[in-house]
Amino acid sequence: MGKFCLVFCISILVAFGEVINGYQEEEKIGVYELKQGDISLKLTNYGARIISLFLPDKNGKLDDVVLGYDSAQDYKNDTSYFGATVGRVANRIAGAQFTLNGTQYKLVPNEGKNMLHGGPKGFSKVVWKVKKYKPDSRSPHIIFIYHSLDGDQGFPGNLRVAVGYTLIGNKLSITMKAKAKNKATPVNLAQHAYWNLAGQNSGDILSQELQLFASHYTPVDNQLIPTGKIVSVKGTPYDFLKPYTIGSRIKQLANGYDINYAIDDSEKKKKTMMKKVAIVKDKKSGRAFELFSNQPGVQFYTSNSLTQKGKGGFVYKPHAALCLETQGFPDAVNHPNFPSQIVNPGESYNHYMLFKFSVY
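A quick note: this is a predicted structure, and the numbers were derived from the prediction, not measured.

A. Representation of the sheet that holds strand 2 (residues 39–44). One open sheet accounts for four strands, arranged 1-2-3-4; its pairing is antiparallel. Looking at the sheet topology across the chains shown, the edges are occupied by strand 1 (31–36) and strand 4 (62–64). On average, adjacent strands in this sheet sit at an angle of 15° to one another, irrespective of strand direction. In the sheet, strand 2 pairs with strand 3 (residues 49–56) via five bridges, with the strands oriented antiparallel. Note that in strand 3 the partner of leucine 41 across the bridge is leucine 53.

Structure, rendered in structure tokens:
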């Protein structure tokens, strides 16, 4: 599996190398579909995001398993990051500031005094250019690109970004690449899909089963900013090393899960190596997926404060979905002991994700 993922991701990055230096033009918001067998994926270039994913259940019934809105235009008012590519730096940066190479950078805060998911106009809030769209190829795929300018939300340097989605049989590959052009800058992209394998309008995910291949997590303060510690999950409700239903221990937490895990073997494997991150199963529908990534962390979030009208007028409530956002550790720019997110001029940031869907 790891070898397959690596070879495929490298082939996609070759294509990225052809497009990442392209000129950023004014783009219109559109919807694009990729199909492979019974799997149908719709995306929009507003935020380079997933807007629907239809999967068959154990009886062949198709359901949309990601939360979202009926129209691509509706995402302009989205505050939940449904299906979005988030960045330049995903998750939180304490005090919306950091120091790099002796220079202090003040960012644009959008969660109290802190920055969340790249600021008020991060990558989820811009229109990306569609550089390649091959819906009829053997492995249907699309590549979105964006040019983030020096000073964008306070971040230093020009950054070229490309995000690709590809269907390969029963797999969804997501590849993110960024290249720093003229200044060192932090980069940490994440895919923010809200998953409910029973169907996006089925209710909560508390009976769904999760296994996380992570022995440690990064505890946070009351603003969800990491303390800088990396601690064992043993003896805590954060322990999903063995499969547990998501609701089995959620009442031990104040609101639900919203925490970064350190994926096992992150330090032993190279940044290009794929690691198994998680397995999610829904007993009623029989749907399941395995998630692989090359990133050191994953944010597990159970949509704790969600109250939002979504597709077909269905009202999403707290715990209506789960997010598994593979990423670098939150606030790494302010914690030298966390894996670095700094990309120097001429260097590339590469982030791979692979979802393997199945029924059981």
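Now that the structure has been shown, we can carry on.
B. Broad picture of the UniProt feature "binding site: beta-D-galactose" (unreviewed entry) in the chain. Those places that UniProt annotates as "binding site: beta-D-galactose" (unreviewed entry) correspond, in this numbering, to Asn91, Arg92, His192, Ala193, Tyr194 and Asp258. Topologically, arginine 92 is positioned in strand 6 (residues 92–93). In this structure arginine 92 touches Glu111, Met115, Leu116, Gln223, Leu224, Ile225, Asp258, Pro330 and Asp331, once residues within four positions along its chain are discounted. With respect to the helices, strands and loops of the structure, aspartate 258 is situated in strand 20 (residues 258–262).

C. Molecular detail of the pairing of strand 16 (residues 209–212). In this sheet, strand 19 (residues 244–245) lies alongside strand 16 in antiparallel orientation, the contact comprising two bridges. Across the sheet, glutamate 209 pairs through a bridge with threonine 245, a residue of strand 19.

D. Expanded view of the sheet that holds strand 26 (residues 323–327). Ordered in space as 18-17-20-23-26, the five strands form an open sheet in which the pairing is antiparallel. Each edge of the open sheet is held by one strand with a lone partner, namely strand 18 (231–232) and strand 26. The sheet contact formed by strand 23 (residues 297–301) and strand 26 spans five bridges and is antiparallel. The partner of glutamine 299 across the bridge, within strand 26, is glutamate 325.

E. Focus on the UniProt feature "active site" (unreviewed entry) in the chain. According to UniProt, the "active site" (unreviewed entry) feature falls on His192 and Glu325. In sequence the annotated residues extend across 134 residues, while in space they remain close, none of their C-alpha pairs exceeding 5.9 Å. Relative accessible area serves as the criterion here: at 3%, histidine 192 is assigned to the buried category. Residue contacts for histidine 192: discarding those within four places in its chain leaves Ser80, Tyr81, Phe82, Gly83, Ala84, Val86, His117, Tyr301, Cys323 and Glu325. At 3.5 Å, the side chain of glutamate 325 forms a polar contact with the side chain of histidine 192.

The rules we used
Residues numbered from 1 in each chain as written. Predicted model: local features only at pLDDT ≥ 70, side-chain atom pairs only at ≥ 80, totals over all residues. Heavy atoms only, no water. Pairing = 2+ DSSP bridges. Helix = DSSP H or I, 4+ residues; strand = E, 2+ residues; numbered from the N terminus. Axes fitted to C-alpha atoms, helices over the stretch in contact; angles between N-to-C directions. UniProt positions renumbered as here; feature names shortened; annotations may be inferred. Contact = heavy atoms within 4.5 Å. Buried < 20%, exposed > 50% of the residue type's maximum accessible area, 1.4 Å probe, protein only. Polar contact = N/O pair within 3.5 Å; in protein donor to acceptor, adjacent residues only side chain to side chain.

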